[in-house]
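Listed below are the residues making up each chain.
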Amino acid sequence: MRLYNTRTHSIESFAPLQDNTVRMYSCGPTVYNHAHIGNLSSYIYADTLRRTLKAIGYQVKHVMNFTDVDDKTIRDSHMKYPDDEPMVALTKFTAHYERVFLDEMAQVGNSVDDVTFVKATDNIADIQQLIRKLLEQGDAYVADDGIYFSISEYRKTRQYGQLSHIDFNAADRQRINNDEYDKDHAHDFALWKAQKEGEPAWDFTLPDGSNMPGRPGWHIECSVMSVKNLSQPFDIHTGGVDLIFPHHENEIAQSTAGNQPAEYSNFFVHNEHLLVNGAKMSKSAHNFYTLPDLVERSFSPLDFRLLVLQSHYRSATNFSWETLEAAKNRRRHWCNVAELRHQVSDNPSEEQIDKVSQLVEQAQDAMENDLDTPNALKYFDEAFDLFKPEQTDLGALDMLLTAIDQLLGLKLIETTPDIAPEDYELIDERQQARHAKDWAKSDQLRNELAKRGIQIKDGPTPIWSRA
RNA sequence: GGCGCCUUGGCGGAGCAGUUACGCAGCGGUCUGCAAAACCGCGUAGGUGGGUGCAACUCCCACAGGUGCCUCCA
C-alpha cells in the first residue's frame, strides 16, 4: 500500500520489513480521565490502518501503551485517594481509566482484541535497563532531580530533529525556560524523574551503585515497550501530529543512540487533529468533548466513527453537532439497507454481485492509497444504491456489509439484528387492518411498533427499520 | 521570532490542468389512506491579485485570513 511517511516527508510504498508481518506501535493514552474525542479519532485512524493492512493479507502485530504514571496520574490519584499509599492510589486510579478507555475504544468500533496493550508500570525494569545503557554510553547524565538524555552528545554522531524539521542550531527557541530543571541544556529531556515528597516511586540502582528512587519519563517508556514487543526496527509508529515533536523525536534519539540499530521505526504515520470551532481540541484548553457527551445527545459512537472516516487522516477536520448529525444520517441510511437482509427474499443477480465486488475492490484500493477513507466511502455509497427491496441479491448485500465492517469497523451487521417474532406479528396485524382500511387500528399499531423502536414504511410490501 | 499546513457550494469533504466526486441539508417527483423510508431528478463551488498554459479549482508568485508545532498534548 501507499502510505505517507513523516520520516521521509513523502508518500512511499509500504511493505513489512520482515516476512508478512507488520509490526505497529501506537502511542496510547495517559489514563487519568476520559479520552476526548480527538484522542479517539487518532485511535480510529490507527485501527483503520490496521484493518487495511490485514485486508491486504498481512499479519499485524499492533501494540499500544498506557501511560499509567506521570504528573497528572500522580496528581489526580492523590486527589481521588488521599488516604492511600501513593502507589496504591495510583494503581487504583489508573486501572479505572484503563477500563474506561478500553470500553470507549470498543464503543467507537476499534477492535481492542487485535491490539496488545502494555503499561509503563509493568515495564520498569526494562526501562531502567535502557537508561543504564544510555548512561554507560555517555548519552545520558545524572542530575539532582533525575536522569537526562544529552542531546548534544547524541548530535555528535546522529541527527536530531529529522521528523520535525526543527533547526536546533537556530537561536530562536524563545520559549525555553530552564530555570526549574537541573538540565545541562534546555533541550535535554528527562529519562527518569527522581521521587518527590508523596510520589510513588521505584528503586533504581545506578551504574555507580547508588539508588535513585523515582519514575520513568514519558518518552522512554515508548522506546522500551515498542522495541520489547516488536523488536527494532519495527514497521509503523502512529500518533497524532502533536507527538512528532518532542515525543517521537525523543523516542528515535533514545533508541538509536550509541551503537543501537540505526533506525527505530521504518514508517511514522501521523494523523491531523480533530478541531472544535476551528481550533485544536485539548484538555488544557477545556474545549473538548468526550464520548459520553455524544451519547448524551443520543448519537451513537459509531456515528462519530463515520464522522472521523469522512475526512482524510492527514486533514484536520472540524467537529460540530451539525457534522455529527450528517454522519448519523449517512450511517442510518446504510443501516436501513443492511436491514433489508432480514425482510426481502433473495433475488439472485449476477450483475449485482459483479458490481458490488467491483466497488468493494475500488474501496479497498482507495484505502490502500494512503488510507483514503473519503473515497472509500464514496464507493460504498454507490454500492448501497444498488439495493432495493424488490431487487436484492442477499449474497451481494452480505459481501458489501462484510467488507465495510472489516475495512471500516462500522459494525453494520452487528448493529442491525433481526426484529423479534412478536414484532413481525404486529406488522402482520397492521397489514390486515390496512387491507380492511381500518386506519385507526393501523395507526395505533404503527405507534405500538414505534414504541418498540421500529419504524414501518409502507411500500408494495412493508419495510421496517430501527428508528 | 523560527518551521509548517490550510482556504472548494448552506454544512462536511475528495480527486483532477479541459469531462457528475461523494455525503448531509434543501427543492421537485415516484410510491402512499396518512406518514416515513427508499428510489429518481434539480440547484448552489473553488479567499484576493497577478503569472504560465490553447485551457487553472487544479501549476508558480504575492497578499489576506485561519491554523499547527517550537519540551502538557492524539
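Keep in mind that this is a model prediction, so the values were computed, not measured.

Participant: I'm lost on the protein's contact with RNA strand B in this one. Help?
Facilitator: In the vicinity of RNA strand B there are 59 residues, among which Ala186, His187, Trp218, Gly240 and Leu243 approach most closely. Between RNA strand B and the protein, one listed contact pairs a phosphate oxygen with a backbone N or O atom of histidine 312 at 3.2 Å. One of the side-chain N or O atoms of glutamine 455 is found 3.4 Å from a sugar or linking oxygen in RNA strand B. Looking at the surface near RNA strand B, the elements that each hand over two or more residues are helix H1 (37-56), strand S10 (234-240), strand S14 (317-319), helix H10 (321-338), helix H12 (373-384), helix H14 (421-435), helix H15 (439-451) and strand S15 (454-458). Here the surface near RNA strand B gets 7 residues from one element, more than from any other, and that element is H10. Considering only residue class, the surface near RNA strand B consists of 13 nonpolar, 27 polar and 19 charged.

Participant: Please explain the pairing of strand S1 (residues 2-5) as it appears in this structure.
Facilitator: Residues of S1 alternate between two faces, with Leu3 and Asn5 buried on one and Arg2 and Tyr4 left unburied on the opposite face. Sheet topology note: the S1/strand S2 (residues 10-13) ladder contains 4 bridges and is antiparallel. By the bridge assignment, asparagine 5 is partnered in S2 with serine 10. Counted between consecutive antiparallel strands, the loop separating S1 from S2 contains 4 residues, among which histidine 9 sits at a positive phi close to 55°.

Participant: Got a minute to help me understand the pairing of strand S3 (residues 21-26) in this structure?
Facilitator: Successive residues of a regular strand alternate their side chains across the two faces of the sheet. Along S3, 5 of the 6 residues are buried, which leaves the element largely enclosed by surrounding structure. Note: S3 against strand S4 (residues 59-66), 6 bridges, orientation parallel. By the bridge assignment, serine 26 is partnered in S4 with methionine 64. Considered for its hand, the β-α-β crossover made up of S3, H1 and S4 is right-handed. Examined bridge by bridge, S3 and S10 share 3 bridges and lie parallel to one another. Residue pairing for S10: tyrosine 25 is matched across the bridge by histidine 237.

Parameters at a glance
The residue numbering used here restarts from 1 in each chain and proceeds along that chain's sequence as written. As they are written, the chains are lettered A onward and the ligands numbered 1 onward, keeping that order. Two thresholds apply to this predicted model, a pLDDT of at least 70 for residue-level local features and 80 or more for giving and counting side-chain atom pairs, whereas whole-chain, interface and lining totals are computed over all residues. Excluding hydrogens and water, the side-chain values take into account all heavy atoms of the structure. Near is defined per residue: the residue qualifies when any heavy atom it owns lies within 4 Å of the molecule or strand. Throughout this description, a polar contact denotes any pair of N or O atoms lying within 3.5 Å of each other; where both atoms belong to protein, one of them has to be capable of donating a hydrogen while the other can accept it, and for residues adjacent in sequence the pair is counted only when both atoms sit in side chains. Secondary structure elements are defined from DSSP: runs of H or I of at least 4 residues count as helices, runs of E of at least 2 residues count as strands, and each element is numbered from the N terminus. Three residue categories are used. Nonpolar comprises Ala, Val, Leu, Ile, Met, Phe, Trp, Tyr, Cys and Pro, charged comprises Asp, Glu, Lys and Arg, and polar comprises the others, including Gly. Any residue under 20% of the maximum accessible area for its type is buried, any over 50% is exposed, and the rest in between are partly exposed; the area is computed with a 1.4 Å probe on protein chains only. DSSP-based pairing: two strands are paired if at least 2 bridges between them are found. Think of it like this: strands point away, you trace from the first strand over the helix to the second, and a clockwise trace means the crossover is right-handed.

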